[in-house]
Each structure stands twice: as structure tokens, then as C-alpha cells.
Amino acid sequence: MFTPAIPLGGYLGWRVLQNTAERQFETFQKSPEIVRNVDYFREHIVEADTAEKLVDDRRLLTVALGAFGLEEEINKKAFIQKILEEGTDASDSFANRLSDTRWRQFAKAFGYGNFTGANTGIPSFREQTANDYLERAFEVSVGEVNTDMRLAMNFRREITAIANGSNVEDVGWFQIMGQEPLRAVMEGAFGLPSSIGSADIDQQKELFERKADQFFGGKSPAIFKDPLKVEEALRRFFVQSEIQNGPSASTPGSAALSMLTGSANGSLSGNSIVNLFISNF
């Protein structure tokens, strides 16, 4: 399996990853295991015309869950089947009652429990799911090297979708708080401890609104329609992460980071390090 190259941690490492991600992704999706999973899904998903058939085929389920960032839930077969079979048409369906909106997206996409029925025979659905799996599988591989980088990649994609949602004013913050990866980045960007998750949900929302207004100039998650504000949130997240954890000798890129912060003559700037790495990738 291809291992992403992330020579630096922190925000500087994030900048490097952004500049090399496209080329690294091209290499990653040629990995034999990834190719086998995608080819199998494309060939056999049409046969999974019921939720039971999908959950009983682990290879299909690997791609199906991975496409929605739910790959770690693969052993919860009964749970997954219930979500799929109840669908999303009914407001009180299992998926609609869960705080993590990825399950609702998953159930709606496959359609088993909805009026229109399963979508597994639709070619566009098959290709979209396969492509989403590839994207998120790459994020997983990035996360195996650096967890913060995976969180940042997920945040950039998901926060944009929430910000552009039709009901962002009413449910945007609840969607963010309901997805642990999004919450982690947002709490980091705001400098908040994870313990705030034990507070009343409405109080949490009010706190997020105040912090968003303080740092980004608006209370609604709709502010993240602006890519510059998304990037600023990620910069704050990485800075806070480094403050809390601190670089060590084992931190990826710690030697380079020492060069950046050192006062010796001839030390390289952050841009020089980034450009040097990109030019040799």
C-alpha cells in the first residue's frame, strides 16, 4: 500500500500536503488493494439489491462505508442493516435520529428503505460511491502518517458542504458537533477543550457561535462558504495542536522545524522548505 509523504507536521506540513496531494493521490489509487476493492465494488454492487446482501458482503461493505468515512463501523452489521432498511423518508427513522449525519447520507444514498428503493443498479451511483471511497481511503492513508492532516482534509470537504446547505442557519452547528472529526477541528480552531461536549447542546451551540463571531466575523457556519475562512480555521487548528502537543524529536519534520525557528545565519524560511520539498516530489 502506498504511504503518503508528509515530511513536516503542523501547518507547514499541511501546506506541503496541499501542494502534493494531487500527485500523491494518483499514485495511491493504483495500490493493488485499492484497485481490487474498487473493481469488486463496481462489478458486484448491482447484486446487493437488499441491505442484508450488502452487509453480508464484507468487500462491498468496505467500499460502501469507506465512501462516507464510516469504515471503522464495519463490524456493526445489525446496526448498519437497521439504518439501511429504515431509510430516511420517515422523520423518525433510525438514521434521522442519529446525531452523526454521515449515517443519514449513507442511508439516503443507498436508498434501500426509501420509497424509490435501492440505488445499487444505477451506474452513476456506483461511480460516485467508488470515487468517494477512493478520496476517503486516501485520507485514511494520510491519517496513518499524521492524524491532524486527515482531520484537516475531512474538515475542508465536509465544512464546505454544511456551509452551502439549504438549512445551515438552523442545523449547521448541530451537524458539526454531531461529527467527531469536524468537532475536533472546530474545537481546536476555537481553542476549546473537548470536555465542552458534556455541556448542554444548546449551550455548546451558543459557545460555538460566539467563538465563530470572534475569530471569523460571523455566527453562522455559512461563513465557511469562504475558502479563506476555512483555511484560517485549519491554520488555527494546527497551531493549537502544536501548542498542546509540542514538537518532539520523533515528530515528523522536527529537524526542519528547528531550522525554521532557529536564529543561525542561513536558516531556511518556511516557504523555502515547502518549495524545496515540492520541487523534489
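Residues numbered from 1 in each chain as written. Predicted model: local features only at pLDDT ≥ 70, side-chain atom pairs only at ≥ 80, totals over all residues. Heavy atoms only, no water.

## Side note on the overall build of the protein chain
So, point 1. Check the secondary structure of the protein chain and you find 15 helices and zero strands.
So, point 2. Each of the 281 residues in the protein chain was classed as buried or not, and the buried ones make up 47%. (Helix = DSSP H or I, 4+ residues; strand = E, 2+ residues; numbered from the N terminus. Buried < 20%, exposed > 50% of the residue type's maximum accessible area, 1.4 Å probe, protein only.)

## Considerations on the side chain of aspartate 100
So, point 1. Note on placement: aspartate 100 falls in the loop between α6 (94–97) and α7 (101–110).
So, point 2. What makes aspartate 100 buried here is its relative accessible area of 13%.
So, point 3. At 2.7 Å, the side chain of aspartate 100 and the side chain of arginine 102 are in polar contact. (Polar contact = N/O pair within 3.5 Å; in protein donor to acceptor, adjacent residues only side chain to side chain.)

## What about the nonpolar core?
So, point 1. Counting 71 residues, the largest nonpolar core has Leu54, Phe106, Phe110, Met186 and Phe224 as the members making the most contacts within it.
So, point 2. Top element by residues in this core is helix α9 (residues 147–163). It accounts for eight residues.
So, point 3. In contact with phenylalanine 110, other than residues within four places in its own chain, are Ile45, Leu54, Ala64, Phe68, Leu84, Gly117, Ala118, Asn119, Thr120, Phe125 and Thr129. (Core = buried A, V, L, I, M, F, W, Y, C linked by side-chain atoms within 4.5 Å. Contact = heavy atoms within 4.5 Å.)

## Some thoughts on the confidence of the model for the protein chain
Residues shown with low pLDDT carry predicted positions that ought not to be read at fine detail.
So, point 1. Looking at the protein chain as a whole, its pLDDT mean stands at 88, while 87% of the residues score no less than 70.
So, point 2. Mean pLDDT values for the elements of the protein chain range from 40 in helix α14 (residues 254–261) up to 98 in helix α4 (residues 58–66).
So, point 3. Counted against residues more than four places away or in other chains, residues 248–270, with its pLDDT under 50, gives 23 contacts.
So, point 4. For the stretch residues 276–281, pLDDT sits under 50, and the model shows 11 contacts to residues farther than four places along the chain or on other chains. (pLDDT = per-residue confidence, 0-100.)

## Digging into the packing of aromatic side chains
So, point 1. For the structure shown, the criterion picks out 21 aromatic pairs.
So, point 2. Relative to phenylalanine 106, the ring of phenylalanine 68 lies with its centre 5.6 Å away and its plane at 75 degrees, an arrangement referred to as edge-to-face. One end of the pair, phenylalanine 68, is in the loop between α4 and α5 (77–86); the other, phenylalanine 106, is in helix α7, with 38 residues separating them in the sequence. The same class applies to phenylalanine 68 as to phenylalanine 106, namely buried. (Phe/Tyr/Trp six-rings, centres within 6.5 Å; stacked < 30°, edge-to-face > 60°.)

## A look at the pattern of salt bridges
So, point 1. Considering all chains together, one arrives at 16 salt bridges under this definition.
So, point 2. The salt bridge partner of arginine 42 is glutamate 127, with a shortest N-O separation of 3.1 Å. With arginine 42 in helix α2 (residues 32–44) and glutamate 127 in helix α8 (residues 123–145), the pair connects residues that are 85 residues apart, well separated along the chain.
So, point 3. The class for arginine 42 is partly exposed, based on a relative accessible area of 30%.
So, point 4. You can call glutamate 127 partly exposed: its relative accessible area is 27%.
So, point 5. Across the salt bridge formed by glutamate 187 and arginine 183, the nearest N and O atoms sit 2.8 Å from each other. One end of the pair, glutamate 187, and the other, arginine 183, are both in helix α11 (residues 180–190), four residues apart, so they sit about a helical turn from each other.
So, point 6. The exposure class of glutamate 187 is buried, given its relative accessible area of 6%.
So, point 7. In this structure arginine 183 comes out as buried when scored by relative accessible area, which is 7%.
So, point 8. Counted as one network, the salt bridges with shared partners bring together Asp132, Glu135, Arg136, Glu139, Arg157 and Glu158. (Salt bridge = Lys/Arg side-chain N within 4 Å of Asp/Glu carboxyl O.)

## Quick notes on α2
So, point 1. With 13 residues, α2 extends 18 Å between its outermost C-alpha atoms, agreeing within 8% with the 18 Å of an ideal straight helix rising 1.5 Å per residue.
So, point 2. Tucked inside the fold, the buried residues of α2 contact α1 (10–28), α4 and α8. (Expected span 1.5 Å × (residues − 1).)

## Focus: α4
So, point 1. Here α4 has its buried residues at Leu60, Leu61, Val63, Ala64, Leu65 and Gly66.
So, point 2. Looking at the buried side of α4, the elements it contacts are α2, α3 (51–56), α5, α7 and α8.

## Focus on the packing of α5 against α7
So, point 1. Orientation of α5 relative to α7, taken along the N-to-C sense of each, is 60 degrees, at an axis distance of 8 Å. Between α5 and α7, the crossing angle belongs to the class labelled oblique. Handedness of the crossing formed by α5 with α7: right-handed. Judged by residue contacts, Phe79, Ile80, Ile83 and Leu84 of α5 engage Trp103, Phe106, Ala107 and Phe110 from α7.
So, point 2. In the contact of α5 with α7, the residues fall into eight nonpolar, no polar and no charged. (Axes fitted to C-alpha atoms, helices over the stretch in contact; angles between N-to-C directions. Parallel < 35°, antiparallel > 145°, perpendicular 65-115°, else oblique. Left-handed = near helix turned anticlockwise from the far one by under 90°. Nonpolar A, V, L, I, M, F, W, Y, C, P; charged D, E, K, R; others polar.)

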